[in-house]
Amino acid sequence: QVQLVESGGGLVQAGASLRLSCVASGRTFSAKGWFRQAPGKEREFVAACSWFSGNTYELDSLKGRFTVSRDNAKNTLYLQMNSLKPEDTAVYYCAATRFTTARGMAEASKIDYWGQGTQVTVSS
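The notes below deal with the structure included here. (Residues numbered from 1 in each chain as written. Predicted model: local features only at pLDDT ≥ 70, side-chain atom pairs only at ≥ 80, totals over all residues. Heavy atoms only, no water.)

### A short note on the pattern of salt bridges
Once the charged atoms of two side chains with opposite charge are near each other, the side chains can pair.
And then number 1: In the structure shown here, the tally under the stated rule is six salt bridges.
And then number 2: One salt bridge connects D88 with R65, and the closest N-O pair in it is separated by 2.8 Å. With a gap of 23 residues between them, D88 in the loop between β8 (76-81) and β9 (90-97) and R65 in the loop between β6 (56-58) and β7 (66-71) connect regions that are remote in the sequence.
And then number 3: Measuring nitrogen to oxygen at the nearest pair gives 3.7 Å for the salt bridge that ties K110 to E107.
And then number 4: Overlapping salt bridges, with partners in common, bring together R36, E44, R65 and D88 in one network. (Salt bridge = Lys/Arg side-chain N within 4 Å of Asp/Glu carboxyl O. Helix = DSSP H or I, 4+ residues; strand = E, 2+ residues; numbered from the N terminus.)

This is the structure we're talking about:
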């Protein structure tokens, strides 16, 4: 049974940092990544990492603040979020795919598995 379990969300003030983690189990994935969904908005791609090569792909507007990385030994994906802004408030979802690359994960239709999400709230 495939499971993606996120952790690390919370309530922080603007300018703070958070690191999200996603532990995956149940099968091998070609890439894993992060999406987010703010209230009243569509789910949007944040960043992804090809699991074997380590290549990453991130939303342009978040580059410099958000960094995706992985620890193969722990089967864990991370999202380091710095200089958080109130507009970063959203539920953050871990996602995984069986066949596509990190760049390919930017299309939600390519996602095979989703985590349940972790709430990130940034106060001003």
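Further notes follow.
### Considerations on the state of the cysteines
Cysteine pairs can be linked by a disulfide, which is a covalent bond between their two sulfur atoms.
And then number 1: Summed over the entire model, instances satisfying the criterion amount to one disulfide.
And then number 2: Sulfur-sulfur distance for the disulfide between C22 and C94 comes to 2.0 Å. One quick way to see it: the torsion about the S-S bond of C22 and C94 is about -80°, and its sign makes the bridge left-handed. Of this pair, C22 sits in strand β3 (residues 18-25) while C94 is found in strand β9, placing the two residues 72 residues apart along the sequence.
And then number 3: Accessibility expressed as a relative area gives 0% for C94, which makes it buried.
And then number 4: Among the cysteines around C49, which has no disulfide bond, C94 carries the closest sulfur, lying 11 Å off. (Disulfide = S-S within 2.5 Å. Buried < 20%, exposed > 50% of the residue type's maximum accessible area, 1.4 Å probe, protein only.)

Geometry only, nothing functional implied.
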